[in-house]
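Residues per chain are reported as follows:
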Amino acid sequence: MIEKNKLLKAELEKYRSISWIDGCARKYGLTYEVKERLVLFEKTTKRPERNRNLFAGMADIIIKGIKTVID
């Protein structure tokens, strides 16, 4: 039973490997050449949200206060 379990675990690892999955996909024509791929990236214009926890809020207030004193 222990030996059979080891063999089954090894077989399972084979089936989980990317190379085996890729080989099966290529065998049935489910892939295409990497050279033909086109990758598009969208430039995000969304600004990151401000951190509104207590310390960040206090820092914003202090910075605004300093700016008004300097100006």
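See the structure printed just above.
Residues numbered from 1 in each chain as written. Predicted model: local features only at pLDDT ≥ 70, side-chain atom pairs only at ≥ 80, totals over all residues. Heavy atoms only, no water.

(A) Focus on the overall build of the protein chain. Of the regular secondary structure elements, the protein chain holds 3 helices and 0 strands. Secondary structure elements of the protein chain occur, N-terminal to C-terminal, as α-α-α. Scored against the burial criterion, the 71 residues of the protein chain give a buried share of 4%. Summed over all atoms, the accessible surface of the protein chain reaches about 7800 Å², with 62% contributed by carbon and sulfur. (Helix = DSSP H or I, 4+ residues; strand = E, 2+ residues; numbered from the N terminus. Buried < 20%, exposed > 50% of the residue type's maximum accessible area, 1.4 Å probe, protein only. Areas by Shrake-Rupley, 256 points an atom, 1.4 Å probe, with all protein chains shown as cover.)

(B) Structural detail: the packing of helix α1 (residues 2-16) against helix α2 (residues 18-27). In contact at an axis separation of 5 Å, α1 and α2 are set at 60 degrees when each is read in the N-to-C sense. In terms of their interaxial angle, α1 and α2 are classed as oblique. Counted together, Lys14, Tyr15 and Arg16 of α1 and Ile18, Trp20 and Ile21 of α2 form the full contact between these two elements. Residue composition of the contact of α1 with α2, grouped by class: 4 nonpolar, no polar and 2 charged. (Axes fitted to C-alpha atoms, helices over the stretch in contact; angles between N-to-C directions. Parallel < 35°, antiparallel > 145°, perpendicular 65-115°, else oblique. Contact = heavy atoms within 4.5 Å. Nonpolar A, V, L, I, M, F, W, Y, C, P; charged D, E, K, R; others polar.)

(C) Layout of the pattern of salt bridges. If you walk through the whole model with that rule in mind, you get 3 salt bridges. Between Asp22 and Arg26 there is a salt bridge, with its nearest N and O atoms 3.0 Å apart. Here Arg26 and Asp22 lie together in helix α2, a separation of 4 residues that amounts to about one turn. (Salt bridge = Lys/Arg side-chain N within 4 Å of Asp/Glu carboxyl O.)

(D) Just a nonpolar patch on the surface, in detail. Side chains of Met58, Ile61, Ile62, Ile66 and Ile70 sit close together on the surface and give an oily, nonpolar patch of about 520 Å² of accessible area. Among the structural elements, Ile61 can be located in helix α3 (residues 54-70). (Patch = residues over 30% accessible without salt bridge, like charges linked within 9 Å, V, L, I, M, F, W, Y side chains within 5 Å.)

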